[in-house]
Structures are given as C-alpha cells and as structure tokens.
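# Inside the fold
So the chains spell out like this:
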Amino acid sequence: ETGVTQSPTHLIKTRGQQVTLRCSSQSGHNTVSWYQQALGQGPQFIFQYYREEENGRGNFPPRFSGLQFPNYSSELNVNALELDDSALYLCASSLRGNDGYTFGSGTRLTVV
Amino acid sequence: DQQVKQNSPSLSVQEGRISILNCDYTNSMFDYFLWYKKYPAEGPTFLISISSIKDKNEDGRFTVFLNKSAKHLSLHIVPSQPGDSAVYFCAASGRLGTDKLIFGTGTRLQVFP
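Report follows, based on the coordinates. Here the residue numbers are simple positions, counted from 1 along each chain's written sequence. Written order determines the labels here, with chains lettered from A and ligands numbered from 1. With the structure being a predicted model, the display of local features is reserved for residues of pLDDT at least 70 and the display and counting of side-chain atom pairs for 80 or more, all residues being used for whole-chain, interface and lining totals. Working from all heavy atoms in the structure, the side-chain values ignore hydrogens and water.

## What to know about the environment of Ser28 of chain B
Residues and elements named next belong to chain B. Runs of E in the DSSP output that reach at least two residues are strands. Runs of H or I that reach at least four are helices, and both are numbered from the N terminus. By the secondary structure assignment, Ser28 is in the loop between β3 (19-25) and β4 (32-38). Classification of Ser28 by relative accessible area gives exposed; the value is 55%. A C-alpha to C-alpha distance of 10.0 Å links Ser28 and Gln3, two positions 25 residues apart in sequence. Exposure categories follow from relative accessible area, calculated using a 1.4 Å probe and restricted to protein chains: below 20% of the type maximum is buried, above 50% is exposed, and the middle band is partly exposed.

## Regarding the sheet that holds strand β7 (residues 62-67) of chain B
Residue and element names in this part refer to chain B. For two strands to be treated as a pair, DSSP must find no fewer than two bridges joining them. Spatially, the five strands line up as an open sheet ordered β1-β3-β8-β7-β6, and their pairing is antiparallel. Of all strands in the sheet, those with a lone pairing partner are β1 (4-5) and β6 (56-59), marking the two edges. Examined bridge by bridge, β7 and strand β8 (residues 72-77) share six bridges and lie antiparallel to one another. Each residue of the ladder has a partner; that of Asn67, found in β8, is His72.

## Some words on the state of the cysteines
Disulfides are covalent bonds that connect the sulfur atoms of two cysteines. The disulfide criterion used throughout: a pair of cysteine sulfur atoms within 2.5 Å. Applying the stated criterion to the full structure yields two disulfides over all chains. Note that Cys23 of chain A is cross-linked by a disulfide to Cys91 of chain A, the S-S spacing being 1.8 Å. Since a negative S-S torsion denotes a left-handed disulfide, the Cys23 of chain A-Cys91 of chain A link at about -65 degrees is left-handed. Placement of the pair is Cys23 of chain A in strand β3 (residues 19-24) and Cys91 of chain A in strand β9 (residues 87-94), with a sequence separation of 68 residues. Owing to a relative accessible area of 2%, Cys23 of chain A belongs among the buried residues under this scheme. The disulfide that involves Cys23 of chain B links it to Cys90 of chain B, with 2.0 Å between the sulfurs. Measuring handedness by torsion sign, the sulfur bridge of Cys23 of chain B and Cys90 of chain B sits at about -70 degrees and is left-handed.

## A short note on the interface of chain A and chain B
The contact rule is simple, with two residues in contact once any of their heavy atoms fall within 4.5 Å. Each partner contributes to the interface: chain A provides 22 residues, whereas chain B provides 16 residues. A 1.4 Å probe defines the accessible area here, and the buried area is the portion of it lost by two parts on being joined, summed over both. Surface buried jointly by chain A and chain B totals about 1,500 Å² across both partners, of which 57% is contributed by carbon and sulfur atoms. Contact with chain B buries surface across chain A, with Pro43, Tyr101 and Phe103 of chain A losing the most and accounting together for 35% of the total. Any Lys or Arg side-chain nitrogen located within 4 Å of an Asp or Glu carboxyl oxygen qualifies as a salt bridge. In this assembly, chain A and chain B are joined by zero salt bridges. Polar contacts, as used here, are pairs of N or O atoms within 3.5 Å; protein pairs need one atom able to donate a hydrogen and one able to accept it. Residues neighboring in sequence count only if both atoms are side-chain atoms. At the boundary of chain A with chain B, the tally comes to two residue pairs in polar contact (both at pLDDT 80 or more).

## Quick notes on the pattern of salt bridges
Residues and elements named next belong to chain A. One pass over the structure, following the stated rule, counts six salt bridges over all chains. Across the pair Arg57 and Glu54 runs a salt bridge, and its minimum N-O distance is 3.2 Å. With relative accessibility at 38%, the residue Glu54 sits in the partly exposed group. One salt bridge connects Arg63 with Asp85, and the closest N-O pair in it is separated by 2.8 Å. On the criterion of sequence distance, the pair formed by Arg63 in the loop between β6 (53-57) and β7 (64-68) and Asp85 in the loop between β8 (74-78) and β9 is long-range, its members being 22 residues apart. For the pair Arg63 and Asp85, one class covers both residues: buried. Put simply, Arg63, Glu82 and Asp85 are held in one network by salt bridges that share partners.

Rendered as structure tokens:
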C-alpha cells in the first residue's frame, strides 16, 4: 500500500502571495488532517476533512482553507501569506473510526 | 494553553541503556495517547499508543506507561540503540482516527555508543 505523499517538498513564497499544498492519502483512508509545525514546536492541528467536508478546525484564521476530493486527496490553501506562516506543513490520513494516522513527509514553506 | 507538555527538550543516553521520555497533559477528557518519532526531513512515524483505560502497553523495546491520576505518561525504550536518535512527540486524542491530535513540543533523543 502507498503511504501519504505531499507536494511540493519545499516552497519559497513572498509575503502577501497565495500558496496551495497538495496531499495524496494512503490507500483506503478517507479522512485527511493538516498540521502546521513551526520550528521547535510540535505539530498544530489546522483542520480535518471527511467525505469532502470540513470536520473540525483548529485555531487558524480563515485565510487557511482546504479541499478534499472524491479520491480523498486534499489541498491546503493559504492566502495573504505572512512571515509567521513559514513552517513545515504535514498532511495525515486515517480511516475514520480506526486508530492510526499516517503522516506524509511534509512541505517546508518559507515566506520571505 | 499547552494541553500536552514535554518539559525536556533533549535527552542523551548511552547505547544499551534505558531511555525514558516524559509527557504531561492537562485535559482529563483525552481517551488515547500516542508517541511519534520524527527524523529530519520525514513526517512523524507512529510508535505506540495507549488507551486511557490501560496503564501500560508494550511493543518490543517500547513501553508506554500512563498515570491518569497524575496526568502523566512516559515512553521507555530498552535497550536504546543509535537508530533511536530522533525527536519524539507525545500526542493526545479523543476518538482515534476521528479527533485531532494534540502534540507536545517534542524531546530530542540522542543515543551515543
């Protein structure tokens, strides 16, 4: 079975720009969660998608938005980028109701 | 408000000895606790979990202990190996596979020969 794949692996953007990060779920998983890991911190929950609907959101502003597609892949969109958005963005998939989240390797976003 | 805390940012242990990583939490509603291991340039990898109805769970060299009255859990690695050198995150959750994970800030473990 394939794991969780994220693209791109690294990205540099300018403050004020918009960015889209992509995630392909592990085969058989129907739930996708996104996390932000700032330097020296643990991952922080952004939001979760189940059956293409947002199903829980962390303490992030509305300029962080997402999508889940019928094949359970997902996108994270961030508008009006700020310097503090520089972080590792992790996608995790799971099979709802079962244990275990599988994480991707992340996208390292740098905002300059 | 940090609901899951790992107060030791780093730990250095000799190969073959025991590594003990600690984690404290504040929310008594958590149902599951998990440990993840993270190497640089990789995503967190699940190690071991424990349900709030248990006080111990073992998997090979890894054992997690849960003390609900103290709101404390620990991960024991015996014997420690150089390949165990990584950042270890403690996380807590409501319903697994459904609820979000709340992570601690991590402990960097270095196992030296």
